[in-house]
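# Reading the structure
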Amino acid sequence: MTSTIPDPLPGSRAASVAPPAADRPGRIEAHGIDHIPDSERHGHPRELFSVWAAANVNYLSLVVGGALVLMGLSLRQAVGVIVVGNLLWVLPGLLATSGPAAGAPSEVITRAVYGVLGNRVNNAVGGWLVSVCYFALNLAAAATAAFALVEKTGITAGTPVEVAVIVVIAALTLIISVYGHALIVRLYLPITLVLAGAFAVVAFAVLRHADFSYAPAEPARGGELWALLLAGTAMIASGPLSYTTSADFSRYLPRTASKRAIAAWTALGAFLPSVVVCSLGAFAATAVDMTDPQTALQEILPGWFVPLFLLALVLGTIAINALTAYSAGLALQAVGLRVRRSVSVLFDGVVAVALTLYGLLVSNFLDTVSNALQVIIVLSGPLMAIYATDVLLRRCRYDGRALSDETPDSPFWYTRGVNPAGALALVAGVTAAALCVATLYTGPVAAALDGVDLSLPVGMAVAAALYALLMRKDRTLRAARAGR
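Only a predicted model underlies this, so the values are computations on that prediction, with no experimental measurement involved. (Residues numbered from 1 in each chain as written. Predicted model: local features only at pLDDT ≥ 70, side-chain atom pairs only at ≥ 80, totals over all residues. Heavy atoms only, no water.)

### Focus: unusual backbone geometry
One can expect most non-glycine residues to show negative phi and most peptide bonds to be in trans. Phi is positive for Arg395, close to 55°, though the residue is something other than glycine. Relative to the assigned elements, Arg395 resides in the loop between helix 17 (377-393) and helix 18 (400-403). Positive phi is not limited to glycine here, since Cys396 has a value of about 55°. With relative accessibility at 4%, the residue Cys396 sits in the buried group. (Helix = DSSP H or I, 4+ residues; strand = E, 2+ residues; numbered from the N terminus. Buried < 20%, exposed > 50% of the residue type's maximum accessible area, 1.4 Å probe, protein only.)

### Observations concerning the nonpolar core
In this structure, Tyr188 and Leu297 are the most contacted members of the largest nonpolar core, which totals 144 residues. Top element by residues in this core is helix 14 (residues 306-335). It accounts for 17 residues. In contact with Tyr188, other than residues within four places in its own chain, are Ser50, Val51, Ala54, Ile176, Ile318, Ala319, Ala322 and Leu323. (Core = buried A, V, L, I, M, F, W, Y, C linked by side-chain atoms within 4.5 Å. Contact = heavy atoms within 4.5 Å.)

### Quick notes on the pattern of salt bridges
Counting across every chain of the model gives eight salt bridges. The residue Asp38 makes a salt bridge to Arg41 at a minimum N-O spacing of 3.8 Å. Given a relative accessible area of 45%, Asp38 falls into the partly exposed group. Between Glu406 and Arg338 there is a salt bridge, with its nearest N and O atoms 3.3 Å apart. With Glu406 in the loop between helix 18 and helix 19 (420-436) and Arg338 in the loop between helix 14 and helix 15 (341-361), this pair connects stretches of sequence that are 68 residues apart. (Salt bridge = Lys/Arg side-chain N within 4 Å of Asp/Glu carboxyl O.)

### Section: helix 21 (residues 455-470)
Think of an α-helix as 3.6 residues a turn; residues three or four steps apart then line up on the same face. Here helix 21 spans 22 Å end to end across 16 residues, near enough to the 22 Å set by a 1.5 Å rise per residue. For helix 21, the complete set of buried residues consists of Ser455, Leu456, Gly459, Met460, Ala463, Ala464 and Tyr467. What you see down the axis of helix 21 is that its buried residues fit within an arc of 135°, all on one side. Close packing links the buried residues of helix 21 with helix 4 (90-96), helix 7 (111-114), helix 11 (222-241), helix 17 and helix 19. (Expected span 1.5 Å × (residues − 1). Arc of directions from axis to C-beta.)

Here is the structure:
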């Protein structure tokens with residue numbers, strides 16, 4: 001049973017235990033998806049702030065913020081959308097509380113939702129495949145900045161140089177992911193401080209040139225405005241909704257750690273930098289052409305700072321991709337691949353590098369992947385809603401050892417290895433969202449509403465409501481509520 005020790009926001013008075021040999025920065029993390037015993041739990045919830053902050057002070061946030069203005073929103077509307085969309089970071093915060101409760105990562109905890117075998121499908125698609133695609137896209141973005149940095153040294157970024165740059169960035173990322181949890185916790189505070197300093201210079205330059213009263217020449221009204229606002233909110237929300245893996249980074253905390261502190265430090269660590277950096281992108285779009293942000297921002301940045309800015313873009317991408325690769329490695333183990341976590345992480349990196357090289361050097365493959373990920377919110381919204389609902393229904397009480405049992409004797413085997421409640425709720429939520437989407441295609445509901453995309457709220461609401469309804473009499477849920 002987890003504790004609800006009162007705690008001043010957002011700290012925790014849980015005792016800090018010295019890190020065990022299995023989880024120290026200079027050693028490769030020994031644990032994968034196996035249960036973390038209480039004797040190896042350590043740390044404070046506040047460590048989660050820098051983990052999530054470092055991953056969200058990045059180039060992508062600038063780009064997305066600028067895109068809102070390019071879509072046709074005024075500056076005030078864009079900032080409002082940024083704040084509202086980022087409020088959904090409360091959900092990864094909630095999910096993070098399940099990590100210490102179970103002593104397991106999200107990839108294992110969701111066996112309670114989908115069943116032992118059903119969860120393998122969930123991890124294969126919603127976990128591994130999506131993570132590797134994001135890894136490739138982020139790696140491509142970092143590589144583009146690195147190519148520009150190489151050009152400034154006088155070296156022509158031909159194909160051999162580009163390949164070398166991509167491999168080096170991927171290698172740095174994978175070193176962090178392979179060493180794992182302890183190194184991430186140790187490194188991400190200084191990374192956060194370095195990135196915050198770099199983006200403070202960007203903020204100074206942007207705010208000097210921004211038009212704070214900016215509004216488009218022909219502002220959208222009525223249904224067109226609502227369509228833009230909802231599309232922008234969904235675009236911002238796709239960030240927090242993609243992190244159904246937040247328990248991966250909290251599972252080493254003591255079982256007695258404050259749940260409120262875990263949720264608060266996780267959510268605030270992501271929310272604050274995301275709002276600030278996305279807003280900077282929106283401000284910048286009122287002064288420069290953000291269709292090519294990297295080049296445009298160099299027009300208003302001090303000349304001496306441009307190389308440091310490009311380095312910061314690469315560093316920020318390494319930070320976010322290290323988390324992505326770490327979770328992708330756990331997802332691959334949870335699919336059923338019997339290898340060490342470090343090996344699964346390296347495999348993910350090889351696949352992501354191959355996709356990046358193919359996309360940047362051979363074809364427009366990454367454009368295709370990027371377009372597919374625009375629709376991924378149809379899946380990620382319901383996935384997040386169902387997991388969050390399960391945490392609430394069980395009152396964040398999970399039996400980590402029972403979750404580790406993959407045999408038909410497991411209490412989470414359900415029906416032939418699948419929990420019908422989770423499977424049906426996910427199918428219903430995805431179907432409802434698909435009917436309402438208006439991105440790469442327009443669903444019938446969106447068409448009837450003149451392009452207004454309600455896929456995010458509808459998909460999440462349908463999935464959460466149906467899951468709660470179908471789980472009312474579930475025996476594992478009753479056992480969790482009884483504290484057994």
